[in-house]
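Read off the chains here:
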Amino acid sequence: MNNIDLSVKIGSLVLQNPVMLASGTVGYGNEISDYTDLSKIGGIVTKSVSLHPRKGNPPKRITETSSGMLNAIGLANVGLDAFIKDKIPFLKDIGSTLICNIAASSIEEYVECTKTLDSEDAVKAFEINVSCPNVKDGGLVFGNDVNNVRVITEKVRAVTSKPIIIKLSPNTASIKEFAQAAKDEGADAVSAINTLVGTAFDIYTKKPKIKNITGGLSGPAIKPVALAKVLEISRNVDIPIIGIGGIMNWKDAVEFMICGASAVQLGTVNFVNPSASEEIIKGLNDYCVETGITKISDLTGSYSL
Amino acid sequence: MIEKNGIVESVEEIQTDVFILKVKAPQIAKEAKPGQFCNIKVSDTAFPLLRRPFSICDIDVDVISFQFNLVGEGTKILSQKQKGDTIDIIGSLGVGFDFSGGFENALIIAGGIGAAPFPFLIKNFSEEKHIVSFLGGRSKKDIIEYKLKNIIVSTDDGSEGFHGNVVQLLDSEIHKYDNANTKIFACGPNSMLRALSEYSIEKGFDCEISTESVMACGFGICQGCNVEGTHSDRFLLVCKDGPVFKAEDVKL
């Protein structure tokens, strides 16, 4: 349709365009494929997989808030064996770059999952979830301690040569230190941000609106926070950033790239508009045409402060 | 399937705070089955952010009807739609009622707005079925009789019909029905469905219940609408495994 180069490089990972689908918002690809052509997407990050199946949290798991939603799914997933046996066969043929998100309760579990999946050709990269706010025995427990992030990155790096993306938590005072730790230990990129811890109460029953009491806030409500975190990393650490947080349309995606993101992930918008990814790719292309950009990667970190 | 340009045909307040919205959405109308639902974006802005799930109330060629109560901001916006407005609909979603089989009596049990899915189900029953609709509500104003057949009413406050809940009403009539030739189809609040499930299992009646849940996507990716299954290690999803379940398959 034109000569715009939409491809981006994230470390050694090359994506056909900068639009990815975020972990936990596209399942294992099959459900959303009814609504969007996955072969057009830059990359798809699968629902967090853990070594053993996880049932997740009991209902009620989600509630809508002002321009956002809280979720506490609790990393419900089929477990590593079923993921390889039942999910990868579909995912390997979607024609998009497959990135596996790994969540774990121990450093050993992160290592074991990565090691096992490293031999799957369909898996092109790993996103390490050190920042899930909704489980008691993992995720954010690691993500809030820079030394843990350092050790997890180091150990995972040792068992795979595929690109590693560390998914960072915004629930911390200085995200740049975490990004620096990830870089120091050999991560190829960071993705930012995971959800913000939040809660909501019913004023008549005086009970929390989700069973887990707190959940992860996502959606347009968190976009300004996410942009600030992306910018903070961009200004302080020399590592590719994948921007995440409340992207609803192509303009939001452009904003993240200007603030330093090499690529973006779409999350909550997939629930509302499951064909958003294709619309955003088209919007990015049109923006490049309109503003005379020939390579979209030139947009990354093009802020003028 | 997504129809971003469903066209509003009409919005009618059939009784206080109960609305029927009719939308022309040919592709969804063509494939929809009784008991399925649609997930509707009520505005084209980020407020409200999420879609709202509604049972398919009826289908007339390419027009889908939805029946809803005015409960919050989403339904308020929906109630103010004008003829000709466009509306973004995903559907038809989920597992609907299984109305095949040789039963003679179809007993519909609905609590309040739980009456919503039954006009379309009734339309799909073969002519020889004997249909009875048991409608329960807190009070007379909560009883919605729209396009239902052979109605018997119960109210908690006794303001109309049987004084008591709809399961007690059913119990008072159940001697007329043989469990081998009868199937129960129900929709309503969880407390009602829980009591009805226990009752129908105890009495040996085949019973399907249509459940509701808060949900984000409506098609299985957000995992937000989980419900405890009876036979399953994993949670079931109202949007994909339901919303209609066999009474014995879920723990509400």
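Cut-offs applied
- Residues numbered from 1 in each chain as written.
- Chains lettered and ligands numbered in written order.
- Predicted model: local features only at pLDDT ≥ 70, side-chain atom pairs only at ≥ 80, totals over all residues.
- Helix = DSSP H or I, 4+ residues; strand = E, 2+ residues; numbered from the N terminus.
- Rg over C-alpha atoms; globule rule 2.2 N^0.38 Å.
- Buried ≥ 20, exposed ≤ 12 C-beta atoms within 10 Å, placed from the backbone.
- Contact = placed C-beta atoms within 7 Å.
- Axes fitted to C-alpha atoms, helices over the stretch in contact; angles between N-to-C directions.
- Left-handed = near helix turned anticlockwise from the far one by under 90°.
- Nonpolar A, V, L, I, M, F, W, Y, C, P; charged D, E, K, R; others polar.
- Pairing = 2+ DSSP bridges.
- Domains from an automatic or database assignment.
- pLDDT = per-residue confidence, 0-100.
- Core = buried A, V, L, I, M, F, W, Y, C linked by C-beta atoms within 7 Å.
- Expected span 1.5 Å × (residues − 1).
- Parallel < 35°, antiparallel > 145°, perpendicular 65-115°, else oblique.
- Arc of directions from axis to C-beta.

**A look at the overall build of chain A**
Part 1 of the reasoning: Looking only at helices and strands, one finds nine helices and 14 strands in chain A.
Part 2 of the reasoning: By the compact-globule yardstick of 19 Å for 305 residues, chain A fits well, its C-alpha radius of gyration being 18 Å.
Part 3 of the reasoning: Its C-alpha atoms give chain A principal-axis dimensions of about 55 × 50 × 40 Å.
Part 4 of the reasoning: Each of the 305 residues in chain A was classed as buried or not, and the buried ones make up 56%.
Part 5 of the reasoning: Of all intrachain contacts in chain A linking residues separated by at least 6 positions in sequence, the fraction that spans at least 24 positions is 71%.

**A closer look at the packing of helix H7 (residues 250-258) of chain A against helix H9 (residues 276-291) of chain A**
Residue and element names in this part refer to chain A.
Part 1 of the reasoning: The N-to-C vectors of H7 and H9 enclose an angle of 65 degrees; their axes lie 8 Å apart at closest approach. With respect to the hand of their crossing, H7 and H9 are arranged in right-handed fashion. Residues Trp-250, Ala-253 and Val-254 of H7 form the contact with H9, whose own contacting residues are Ile-280, Gly-283, Leu-284 and Tyr-287.
Part 2 of the reasoning: A breakdown of the residues in the contact of H7 with H9 according to their chemical character gives six nonpolar, one polar and no charged.

**Examining the sheet that holds strand S10 (residues 151-155) of chain B**
Residues and elements named next belong to chain B.
Part 1 of the reasoning: What the seven strands build is an open sheet, ordered S11-S10-S9-S8-S12-S13-S16; its pairing is mixed. Across the chains shown, the open sheet's two edge strands, defined by having one partner strand only, are strand S11 (162-163) and strand S16 (244-246).
Part 2 of the reasoning: Sheet topology note: the strand S9 (residues 130-137)/S10 ladder contains five bridges and is parallel. Its bridge partner being in S10, Phe-134 is matched across the sheet by Ile-152.

**Description of the domain arrangement of chain B**
Residues and elements named next belong to chain B.
Part 1 of the reasoning: Assigned domains of chain B: these are domain 1 (2-93) and domain 2 (105-251).
Part 2 of the reasoning: On the side of domain 2, 20 residues touch domain 1, which itself brings 22 residues to the contact.
Part 3 of the reasoning: Mapped onto the side of domain 1 that touches domain 2, the elements with two or more residues apiece are strand S1 (2-15), strand S2 (18-24), strand S3 (37-41), strand S4 (52-55), strand S5 (58-60), strand S6 (63-69) and strand S7 (86-93).
Part 4 of the reasoning: No other element matches S6, which puts three residues into the side of domain 1 that touches domain 2.

**Considerations on the confidence of the model for chain B**
Part 1 of the reasoning: Chain-level pLDDT for chain B is 96 on average; 100% of the residues reach the 70-or-more range.
Part 2 of the reasoning: Here the predicted complex scores 0.95 on pTM and 0.94 on ipTM.

**Overview of the sheet that holds strand S6 (residues 68-71) of chain A**
Residues and elements named next belong to chain A.
Part 1 of the reasoning: The antiparallel open sheet is built from four strands, whose spatial order is S5-S6-S12-S11. Edge positions in the sheet fall to strand S5 (62-65) and strand S11 (196-199), since each has one partner strand and no second. Here the average twist between neighbouring strands, direction ignored, is 40 degrees.
Part 2 of the reasoning: The sheet contact formed by S5 and S6 spans four bridges and is antiparallel.

**Quick notes on the pairing of S3(B)**
All names here are of chain B.
Part 1 of the reasoning: Extensive coverage of S3 is indicated by the burial of five of its five residues.
Part 2 of the reasoning: Here S3 shows two buried faces, one formed by Phe-37, Asn-39 and Lys-41 and the other by Cys-38 and Ile-40.
Part 3 of the reasoning: Pairing of S3 with S4, which is carried by four bridges, proceeds in the antiparallel orientation. Among the inter-strand pairings, Phe-37 is bridged to a residue of S4, identified as Ser-55.
Part 4 of the reasoning: Across four bridges, S3 lies against S7 in antiparallel orientation. Directly across from Lys-41, in S7, lies its bridge partner Asp-88.

**Some remarks on the interface of chain A and chain B**
Interface extent is often summarised as the accessible area lost during association of the parts.
Part 1 of the reasoning: At the junction of the two partners, chain A supplies 28 residues and chain B supplies 22 residues.
Part 2 of the reasoning: Elements with a contribution of two residues or more to the side of chain A that touches chain B: S5, S6 and helix H8 (269-272) of chain A.
Part 3 of the reasoning: Broken down by class, the residue content of the side of chain A that touches chain B amounts to 13 nonpolar, ten polar and five charged.

**Some thoughts on the nonpolar core**
Part 1 of the reasoning: Core analysis: the biggest nonpolar cluster contains 172 residues, and A:Val190 and A:Val264 have the highest contact counts within it.
Part 2 of the reasoning: Domain assignment of the residues forming this core places at least three in each of domain 1 (2-93) and domain 2 (105-251) of chain B.
Part 3 of the reasoning: Non-local contacts of A:Val264, meaning those with residues more than four positions away in its chain, are made with A:Pro18, A:Val19, A:Met20, A:Ile242, A:Gly243, A:Ile244, A:Ile247, A:Ala253, A:Phe256 and A:Met257.

**Some words on helix H6 (residues 223-236) of chain A**
All names here are of chain A.
Part 1 of the reasoning: Between its first and last C-alpha atoms H6 spans 20 Å; for 14 residues at 1.5 Å apiece the expected length is 20 Å, and the two agree.
Part 2 of the reasoning: Of all the residues in H6, the buried ones are Lys-223, Ala-226, Leu-227, Lys-229, Val-230, Leu-231, Ile-233 and Ser-234.
Part 3 of the reasoning: Taken together, the buried residues of H6 touch helix H5 (175-184), strand S10 (189-192), strand S13 (241-244), H7 and strand S14 (261-266).

**A look at the packing of helix H4 (residues 146-159) of chain A against H5(A)**
All names here are of chain A.
Part 1 of the reasoning: Between H4 and H5, whose axes approach to 8 Å, the crossing angle comes to 25 degrees. In terms of orientation, H4 lies roughly parallel with respect to H5. Viewed along their axes, H4 and H5 form a crossing whose handedness is right-handed. Packed against H4, whose contacting residues are Val-146, Val-149, Arg-150 and Thr-153, the element H5 presents Glu-177, Phe-178, Ala-181 and Ala-182 at the interface.

**Remarks on H9(A)**
Residues and elements named next belong to chain A.
Part 1 of the reasoning: Helix length check: H9 (16 residues) gives 22 Å between terminal C-alpha atoms against 22 Å at 1.5 Å per residue, within 8%.
Part 2 of the reasoning: The set of residues buried in H9 consists of Ala-276, Ser-277, Ile-280, Ile-281, Leu-284 and Cys-288. Mapping the buried residues of H9 onto a view down its axis gives an arc of 135 degrees, with all of them on the same face.
Part 3 of the reasoning: Next to the buried residues of H9 lie strand S3 (19-21), H7, S14 and H8.
Part 4 of the reasoning: Two residues or fewer after H9 comes Gly-292, characterised by a positive phi angle close to 75 degrees.

**Concerning unusual backbone geometry**
Part 1 of the reasoning: Between A:Pro59 and the following residue, A:Lys60, the backbone shows a cis peptide bond with an omega angle of 5 degrees.
Part 2 of the reasoning: By secondary structure assignment, the location of A:Lys60 is in the loop between strand S4 (43-45) and S5.
Part 3 of the reasoning: The residue B:Asp17 is not glycine, and still its phi comes out positive at about 65 degrees.
Part 4 of the reasoning: What makes B:Asp17 partly exposed here is the crowd of 15 C-beta atoms within 10 Å.
Part 5 of the reasoning: Positive phi, close to 45 degrees, is recorded for B:Asn150, a residue that is not glycine.
Part 6 of the reasoning: With respect to the helices, strands and loops of the structure, B:Asn150 is situated in the loop between S9 and S10.

**Side note on the environment of A:Ser23**
Residues and elements named next belong to chain A.
Part 1 of the reasoning: Positionally, Ser-23 belongs in the loop between S3 and S4.
Part 2 of the reasoning: Residue classification places Ser-23 among the buried positions, given that 27 C-beta atoms sit within 10 Å.
Part 3 of the reasoning: A C-alpha to C-alpha distance of 9.9 Å links Ser-23 and Asn-194, two positions 171 residues apart in sequence.
Part 4 of the reasoning: The residues touching Ser-23, leaving out its near neighbours within four places in the chain, are Val-45, Thr-46, Lys-47, Ser-48, Asn-101, Glu-127 and Asn-129.

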